[in-house]
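Examining the three-dimensional arrangement
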Amino acid sequence: MTHDTAKVVTERAIGVGALVLAVLAPLLVSDFWLNSILTQGLILGIGAASLIFLSAYGGMISLAQTGLMGIAGYALANMVTQRVPGGETKGLLLGWDPTLSLVAAILLTVGIGLVFGAVASRSFGIYFLMLTLTYTVIAFLFVGSVTLIGGFSPVAGVDAYTPGFIGDIVNDRDRLYFISLIVAAFVYVLIRYLTRTPFGISLQGIRDEPVRMASLGYNVAVHRTLAFGIGAFVAALGGVLYAWWFGQLSPTIMGLDATIQLLVIAVIGGLRRIEGAWLGAIAFLVINNEITNRIPSSGLPVIGGTFNTVIGVIFLVIVIVSPDGLMGLWDRAWSLAKRGGPPRETPGAQPAAEASSS
Amino acid sequence: MRERVSAWGVGGTVPRIAAAALVVFSILYVLVIAKPPGEFGGGDWRTTNFGSAADDPNAFIATILDGLTFAGLLFIVASGFSLIFGLMRVVNMAHGAFYLLGGYVAYEVQQRMTGSGFGLQSGEVNTLEWVVPWLIAMVCIGVFGLGVQQLLLRWNQGQDLRQALITIAVSVIVADQVIAHFPRTVPAGTQRFGGNAVSLSWPGWTNQFVDLHVAGVSYSLARLVMLGLGVGVGIALWLWLHRTKTGLVIRAGVDDRQMTSAIGINIQTTFAIAFLVGSALAAFGAVVGGSQASIAQGRDGEWLLFSLVVVIIGGMGSLAGAAVGSVLYGLVFSFAVAYLPTTGNECCTQYSVVLTFILMALVLAFRPQGLFGRVG
């Protein structure tokens with residue numbers, strides 16, 4: 001990135017500006033916007049960041065991230081809710097200490113993520129995409145059919161049991177917003193840091209040339225499994241925050257619609273750059289909010305259907321016009337302005353695709 | 001790609017021994033270890049609905065038949081998915097949405113033909129009233145799939161991830177539109193909210209049980225027809241791929257697309273044919289599945305999962321792989337429901353979906369490319 005300093009400076013300036021605005025947001029926007037767009041956007045952005053991390057640096061487009069978010073949420077819900085008269089009746093109602101539950105839920109998700117990752121570690125490209133999609137669907141069917149931990153109706157009241165250092169988030173939504181902001185910033189820094197470590201560098205080597213890296217003595221499967229575990233950790237953070245934000249968990253949070261929604265967010269933002277995760281999430285939620293308000297209850301005019309048709313068309317247009325999403329458009333616009341020509345082809349433009357079709 | 005794996009890694013010695021032990025234990029469990037529930041309920045880890053195969057051979061054979069007949073249906077749907085992938089390297093994520101659309105189209109046609117409204121009994125439907133909806137649905141979905149391919153997938157060949165994303169977008173749009181407009185005919189007194197569960201009807205003559213003369217088992221003829229149709233599709237596809245000129249070109253295209261087009265064969269026509277047939281098979285499966293169970297909102301995701309699991313197990317693009325994957329998955333599916341322990345309250349048959357994951361994990365631990373998949 002050092003070859004393009006003006007661009008880096010501009011991006012940093014925009015980044016700092018966005019951060020300042022984000023900190024001041026509770027003063028600037030309505031409660032509805034803060035809670036439904038910004039807080040939810042930060043949380044979904046964390047989920048999308050785990051997807052983009054695996055895609056951009058590991059060459060793995062994982063559709064399991066929604067499932068892992070849901071697993072973290074469900075684990076937390078089952079561990080933390082208490083058996084009180086007149087209270088929640090679904091789930092295990094273990095009533096553990098909230099801090100312990102938080103740690104245990106994240107560890108459990110990372111553990112499951114490592115198992116998922118190990119099974120998928122030797123699959124590449126679209127094969128990997130399909131396999132991870134089945135993970136999410138299996139997790140969805142599991143929580144739906146196992147009535148012991150939830151079943152198809154929601155487990156509610158999760159947000160009432162937060163650790164002391166998190167505090168009351170049911171009544172103080174600004175608090176949840178700032179917590180989400182801190183976690184999002186942490187995730188961003190973590191991923192940026194990881195990609196500069198020897199592990200991150202070799203992961204990118206594996207993304208581009210798995211065979212060559214293997215013959216150089218790197219254990220490809222272990223690297224990819226670990227990357228998947230890190231992705232699961234990030235997704236678990238998002239899942240826990242989502243459980244607090246939404247307050248209840250039903251299987252639909254990891255259904256096919258939700259899976260595609262997270263993918264749409266990542267694709268709108270751009271599958272090649274982490275920043276795109278939050279950009280995509282906010283853009284998605286704004287579009288969702290604007291359009292859903294305008295659709296009559298009888299469905300879209302003329303063609304019928306719901307918001308899904310609209311977002312499907314938007315998704316289709318983005319994939320056709322700019323497969324790298326908004327961040328890709330930004331990169332392209334910058335290089336057009338700078339050199340008056342099309343962007344340079346970055347090596348490894350479609351690493352996973354090459355790996356699978358070779 | 002062949003890499004050294006440690007004894008404990010995926011594909012290493014230890015997981016292989018563990019996998020083999022698990023398979024042996026499962027087979028022994030079903031054959032002899034399991035026992036039927038006691039008179040007063042309760043039980044332990046050995047208690048299953050029917051006990052072991054030795055206790056209740058009738059239920060055992062019925063379970064195998066359940067698995068095999070379900071496999072017939074799985075194969076019809078998954079072979080279309082696999083055909084498209086094998087030739088064009090397109091993962092058609094809209095396959096489930098095509099299934100949903102095909103099912104509703106066939107349902108509407110059958111309703112129009114019989115004109116007897118929703119409460120249609122199987123006995124009132126003759127063979128023609130099943131075959132015509134089946135044909136119309138196949139043609140409609142085949143042409144629809146062809147349109148999608150020509151419009152959205154023809155100009156970006158080789159970019160397989162982008163194509164997968166495009167078909168995901170198509171699946172979102174199609175599923176939403178189907179739910180908005182179907183079913184058009186709903187039972188009297190019911191409100192149409194979109195995506196209502198509806199059923200097609202099998203022809204009347206299938207609505208009976210046949211005595212198989214094995215351990216006194218009599219079995220649903222409709223389910224046997226389902227298996228027969230699956231086998232029929234398999235034989236027809238095999239003959240098509242191995243005994244006709246088009247099939248020859250398709251197999252050549254699967255092996256080496258560029259060389260096939262370099263020797264003057266119009267590979268684009270072949271792609272179009274493959275997409276047409278593959279999409280039509282989704283509708284074929286939907287008509288069979290809709291007759292046996294129902295067509296409803298959510299079936300698209302379910303059948304996308306089924307197709308994915310079958311081809312992940314069997315290996316992408318292989319007809320034999322799709323067949324073996326269907327049989328394995330169908331058997332695991334039916335045995336999970338019938339032979340998981342039933343100790344305590346609501347345990348453990350509801351965990352059957354975990355076995356789907358275990359089956360995939362087992363196969364992939366040995367062969368990351370699936371049972372019949374080729375490397376690279």
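Keep in mind the model is a prediction, meaning the values are calculated, not measured. (Residues numbered from 1 in each chain as written. Chains lettered and ligands numbered in written order. Predicted model: local features only at pLDDT ≥ 70, side-chain atom pairs only at ≥ 80, totals over all residues. Heavy atoms only, no water.)

We now examine the overall build of chain B. Each helix and strand counted, chain B has 12 helices and two strands in total. The order of α-helices and β-strands along chain B, N terminus first, is α-α-α-α-α-β-β-α-α-α-α-α-α-α. Relative to a compact globule of 376 residues, whose C-alpha radius of gyration would be 21 Å, chain B shows 22 Å and is just as compact. Dimensions of chain B, computed from the C-alpha atoms along their principal axes, are close to 70 × 65 × 40 Å. Counting all 376 residues of chain B, 54% fall into the buried class. Partitioning the contacts of chain B with sequence separation of at least 6, the portion at a separation of at least 24 is 68%. On chain B, roughly 15,600 Å² of surface is accessible, and the fraction owed to carbon and sulfur atoms is 65%. (Helix = DSSP H or I, 4+ residues; strand = E, 2+ residues; numbered from the N terminus. Rg over C-alpha atoms; globule rule 2.2 N^0.38 Å. Buried < 20%, exposed > 50% of the residue type's maximum accessible area, 1.4 Å probe, protein only. Contact = heavy atoms within 4.5 Å. Areas by Shrake-Rupley, 256 points an atom, 1.4 Å probe, with all protein chains shown as cover.)

Here we take up a negative patch on the surface. On the surface, Asp31(A), Asp168(A), Asp172(A) and Asp174(A) cluster together to form a negatively charged patch. Position of Asp172(A) relative to the elements: it lies in the loop between α5 (125-145) and α6 (173-194). (Patch = residues over 30% accessible without salt bridge, like charges linked within 9 Å, V, L, I, M, F, W, Y side chains within 5 Å. Salt bridge = Lys/Arg side-chain N within 4 Å of Asp/Glu carboxyl O. Lys, Arg positive; Asp, Glu negative; His and termini not counted. Charge placed at Lys NZ, Arg CZ, Asp CG, Glu CD.)

With that out of the way, let us pick up the pattern of salt bridges. Residue and element names in this part refer to chain A. As enumerated under the stated definition, the model contains 12 salt bridges over all chains in all. The residue Asp324 makes a salt bridge to Arg272 at a minimum N-O spacing of 2.9 Å. You can see Asp324 sitting in the loop between α12 (307-321) and α13 (325-339) and its partner Arg272 sitting in the loop between α10 (256-269) and α11 (275-294), a full 52 residues away along the chain.

With that settled, consider the interface of chain A and chain B. At the junction of the two partners, chain A supplies 55 residues and chain B supplies 52 residues. Where chain A abuts chain B, roughly 4,600 Å² becomes buried across the two surfaces, and 75% of that area is made up of carbon and sulfur atoms. When residues of chain A are sorted by the area they lose upon contact with chain B, Arg122(A), Ile126(A) and Tyr127(A) head the list and together hold 17% of the total. Where chain A meets chain B, there are zero salt bridges. Where chain A touches chain B, the interface holds eight residue pairs in polar contact (both at pLDDT 80 or more). Breaking the side of chain A that touches chain B down by element, the ones donating at least two residues are α4 (98-120), α5, α8 (210-215), α9 (220-246), α10, α12 and α14 (351-357) of chain A. Take the side of chain A that touches chain B: its biggest share by element is 14 residues, from α5(A). In terms of residue class, the side of chain A that touches chain B is built from 38 nonpolar, 16 polar and one charged. (Buried area = accessible area lost by both parts, 1.4 Å probe. Polar contact = N/O pair within 3.5 Å; in protein donor to acceptor, adjacent residues only side chain to side chain. Nonpolar A, V, L, I, M, F, W, Y, C, P; charged D, E, K, R; others polar.)

The next subject is unusual backbone geometry. Residue and element names in this part refer to chain B. Here the residue pair Phe182 and Pro183 is connected by a cis peptide bond, since its omega of -10° sits within 30 degrees of zero. Its location among the elements puts Pro183 in the loop between α5 (160-181) and β1 (209-211). The residue Arg89 is not glycine, and still its phi comes out positive at about 60°. Tracing the sequence through the fold places Arg89 in the loop between α2 (57-88) and α3 (95-114).

Our focus in this paragraph is α12(A). The terminal C-alpha atoms of α12(A), which comprises 15 residues, lie 21 Å apart, in line with the 21 Å expected from a rise of 1.5 Å per residue. What α12(A) keeps buried is the set Phe307(A), Thr309(A), Val310(A), Ile311(A), Gly312(A), Phe315(A), Leu316(A), Ile318(A) and Val319(A). The inward-facing, buried residues of α12(A) abut α10, α11 and α13 of chain A together with α4 (127-153) and α5 of chain B. (Expected span 1.5 Å × (residues − 1).)

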